[in-house]
Amino acid sequence: MSELLEVVLRLVLVLAAFLTLPLLVGQAEHKVMGHMQSRVGPMYAGGFHGWAQLVADGVKFAQKEDIVPAAADRAVFKLAPAVALIPYLVVLVAIPVSPDWVGQELDAGIFFVIAVMGIGVLGSLMAGWASANKYSLIGGLRSAAQLLAYELPFLLAAASIAMAAGTLSLSGIVVAWEPWWLIWQLPGAVVFFVAGLAELQRPPFDMPVADSEIIFGAYTEYTGLRFALFLLAEYAGIVVLCALTTVLFLGGWRGPFDDALFGIPGLLWTLAKTFALAFVVIWLRVAYPRLREDQLQRLAWQGLVPLALGQLALTGVVVVAT
Amino acid sequence: MKVPGTGLAKGLAVTLNTMGRRAVTQQYPDVKPELPPRSRGVIALLEENCTVCMLCARECPDWCIYIDSHKETIPAPPGGRERQRNVLERFDIDFSLCMYCGICIEVCPFDALFWSPEFEYSELDIRDLTHGKDRLGQWMATVPPPPAHDEHGVRPKEIDAAHKAADKAAEAADKAASPGPALDNAAEAAPEVVEP
């Protein structure tokens, strides 16, 4: 009975994190983006520096009419936001934030996580196809092309760190991690992060939703709560990507002082690293213009894939040699 | 040689620097803006100065000033004759037509029209943008005092004329007192009298 209770408690905590962390990132994006553009961002909602802006947005979305286009494939259209959002919740279950704090420890965690993250893109593909709108279709196809291009370097970079640690378990990778890996695995980390950004379709890799040419890509026909779910999926994706990068490449819960391992400090380390990476995600969005479709593909196939392969070879050599 | 990636790093540096600086945002409805002097917000009317000469209404490029008046006869004072005077009945400015050129204010010979910096007089009905003489008169309270004269600017003609006359008088007086070094004295005295 107590075992069941523990499982339920863990899942509730994961759900709570899933519902709050993306909102924190979203709010941070509002404010950071504002200040980087010499604005102040939201200031009214909630009274103090617009802290309740996303809550207000949520209320607004909930009030809107839920429209399904007449020509749309109704079932697929309605299912798509869930398919986009749920995978990130599932991934969050497997990510360890400290030695004790993990939703569910998996032996092949990294395998599971990458497999499930790929499903998220399926949501925008379904949305693009089911909307019966040419812009949605173009957006969906761009999503597919982007997924194909960037899944490979994403996977290769993850494979490199798994090889270095000699385990597929996420907790195992953090335990095996050593500070000098920061330099050794740096190309892999960069490839992983950039490819992950591209899979999330975050600017500067937001060609699938390029609003100046295809309105809002696959999400053009969505309104109300379903649209809000897509937005939430984007921010949940940021949290998941940053947490994964933290766990795989930045030593997860391990700070510079290894003695302070009470569980809670470890948790704080993971969160701090995750949010630092989330800041970088926002920063990149503000600093760089959108990549054109051909530039996007070239970056993946001519830049990231060779880099990831090189990293893989280097990791292999070092692992065999030592 | 150009190191690849410097452009990318520069982009990141610019955004990070901007984040460190103060935002340029003005919290407008909460904090009123600091408007420059001579801001053109709304036109105020000082009714007592208006003589119904109609210059403003005639010069207005889009004919947005409407003036009605009648003549009133002032009873003759003892030993004098009757005089007539214009009485203003209506002085409307339609701010939905006004293009804020300020010609009416420039052209008014009796200083009856003024610029006020107030700009918050939007209306839900376009007809309410026609301000009558009472409303235009209320704006007078918001007219700022004229800004001080720029000390490096061209002096008003009146002051120059006064100085010229004063210099001439002083020169004449000096000449009358001592005919010898009069010119030198005048030359020395002249630059001192610059501003009243």
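Residues numbered from 1 in each chain as written. Chains lettered and ligands numbered in written order. Predicted model: local features only at pLDDT ≥ 70, side-chain atom pairs only at ≥ 80, totals over all residues. Heavy atoms only, no water.

Q: I'm lost on the overall build of chain B in this one. Help?
A: What chain B contains, in helices and strands, is six helices and five strands. Each helix and strand of chain B, placed in order from N terminus to C terminus, yields the pattern α-β-α-β-β-α-β-β-α-α-α. Taken against the 2.2 N^0.38 rule, which gives 16 Å for 196 residues, the C-alpha radius of gyration of chain B at 28 Å runs more than 25% over that of a compact globule. C-alpha atoms of chain B, sized along the principal axes, occupy 90 × 65 × 30 Å. Once local pairs closer than 6 in sequence are excluded, the contacts in chain B between residues at least 24 apart make up 70%. Carbon and sulfur atoms provide 57% of the accessible area of chain B, an area that totals close to 14300 Å². (Helix = DSSP H or I, 4+ residues; strand = E, 2+ residues; numbered from the N terminus. Rg over C-alpha atoms; globule rule 2.2 N^0.38 Å. Contact = heavy atoms within 4.5 Å. Areas by Shrake-Rupley, 256 points an atom, 1.4 Å probe, with all protein chains shown as cover.)

Q: Can you walk me through the pattern of salt bridges in this structure?
A: Proximity of charged atoms lets side chains of opposite charge pair with each other. On inspection of all chains with the given rule, the structure shows 19 salt bridges over all chains. Where Asp294(A) meets Arg292(A), a salt bridge forms, and the shortest distance between an N and an O atom there is 2.8 Å. Judged by relative accessible area, which is 35%, Asp294(A) ranks as partly exposed. Given a relative accessible area of 47%, Arg292(A) falls into the partly exposed group. Here Arg90(B) makes a salt bridge to Asp92(B), at a shortest N to O gap of 2.8 Å. The exposure class assigned to Arg90(B) is partly exposed, which follows from its relative accessible area of 33%. One salt-bridge network, held together by shared partners, links Glu29(A), Arg202(A), Glu234(A) and Arg285(A). (Salt bridge = Lys/Arg side-chain N within 4 Å of Asp/Glu carboxyl O. Buried < 20%, exposed > 50% of the residue type's maximum accessible area, 1.4 Å probe, protein only.)

Q: What is the right way to read the sheet that holds strand β2 (residues 65-74) of chain B from this model?
A: By definition, the strands of a sheet pair up through backbone hydrogen bonds, in either a parallel or an antiparallel sense. All names here are of chain B. Judged by pairing direction, the sheet is antiparallel, and its three strands sit side by side in the order β2-β3-β5 without closing on themselves. At either end of the open sheet lies a strand with only one pairing partner, and these are β2 and β5 (130-131). Of the strand pairs in this sheet, β2 and strand β3 (residues 83-94) are connected by 10 bridges, and their pairing is antiparallel. Bridge pairing in β3 places Ser-69 opposite Leu-88. (Pairing = 2+ DSSP bridges.)

Q: Looking at this model, I keep getting lost on the packing of helix α4 (residues 109-130) of chain A against helix α5 (residues 134-165) of chain A. Mind explaining?
A: Between two packed helices, what matters for the description is the angle formed by their axes and the separation of those axes. All names here are of chain A. At a minimum axis distance of 8 Å, the contact between α4 and α5 shows a crossing angle of 175 degrees. The pairing of α4 with α5 is recorded here as roughly antiparallel in orientation. Only Ser-136, Leu-137, Gly-140, Ser-143, Ala-144, Leu-147, Glu-151, Phe-154, Leu-155, Ala-158, Ile-161 and Ala-162 of α5 make contact with α4, whose side of the interface consists of Ile-110, Ile-114, Met-117, Gly-118, Val-121, Ser-124, Leu-125, Gly-128 and Trp-129. Looking at the contact of α4 with α5 residue by residue, the class counts come to 14 nonpolar, six polar and one charged. (Axes fitted to C-alpha atoms, helices over the stretch in contact; angles between N-to-C directions. Parallel < 35°, antiparallel > 145°, perpendicular 65-115°, else oblique. Nonpolar A, V, L, I, M, F, W, Y, C, P; charged D, E, K, R; others polar.)

Q: Please clarify how the interface of chain A and chain B should be interpreted in this entry.
A: Bring the parts together and some accessible area is lost; that lost area is often taken as the interface size. Taken residue by residue, the interface counts 15 residues in chain A and 15 residues in chain B. A per-residue breakdown of the area chain A buries against chain B is headed by Ser38(A), Trp283(A) and Tyr288(A), which together make up 41% of the total. If you look at where chain A meets chain B, you find zero salt bridges. Of all the elements in the fold, those that place two or more residues in the side of chain A that touches chain B are α1 (2-36) and α11 (264-287) of chain A. Among the elements that take part in the side of chain A that touches chain B, α11(A) stands out by supplying five residues, more than any other. (Buried area = accessible area lost by both parts, 1.4 Å probe.)

Q: Looking at this model, I keep getting lost on the confidence of the model for chain B. Mind explaining?
A: Parts of the prediction with low pLDDT should not have their coordinates interpreted in detail. Residues and elements named next belong to chain B. Looking at chain B as a whole, its pLDDT mean stands at 85, while 91% of the residues score no less than 70. Per-element confidence in chain B ranges from a low mean pLDDT of 50 for helix α6 (residues 182-192) to a high of 93 for strand β1 (residues 42-45). Interface predicted TM-score (ipTM) for the complex: 0.73; the corresponding pTM is 0.75. (pLDDT = per-residue confidence, 0-100.)

Q: Just to check I follow, could you spell out the state of the cysteines for this structure?
A: Chemically, a disulfide is nothing more than a covalent bond linking the sulfur atoms of two cysteines. Summed over all chains, the structure comprises zero disulfides over all chains. Here Cys50(B) stays free of any disulfide, with the sulfur of Cys56(B) as its closest cysteine sulfur at 6.3 Å. (Disulfide = S-S within 2.5 Å.)

Q: Would you mind going over the side chain of Asp206(A) with me for this structure?
A: Examined against the element boundaries, Asp206(A) turns out to sit in the loop between α8 (186-199) and α9 (211-214). At 2.9 Å, the side chain of Asp206(A) and the side chain of Arg290(A) are in polar contact. (Polar contact = N/O pair within 3.5 Å; in protein donor to acceptor, adjacent residues only side chain to side chain.)

Q: Is there a simple way to explain the packing of α5(A) against α8(A) in this structure?
A: Residue and element names in this part refer to chain A. Their axes nearest at 8 Å, the elements α5 and α8 cross at an angle of 150 degrees. Taken as axis vectors, α5 and α8 run roughly antiparallel relative to one another. Of the two possible hands of crossing, α5 and α8 adopt the one that is left-handed. Two secondary-structure elements touch here, α5 through Gln-146, Leu-147, Tyr-150, Glu-151, Pro-153, Phe-154, Ala-157 and Ala-158 and α8 through Gly-188, Val-191, Phe-192, Ala-195, Gly-196, Ala-198 and Glu-199. (Left-handed = near helix turned anticlockwise from the far one by under 90°.)

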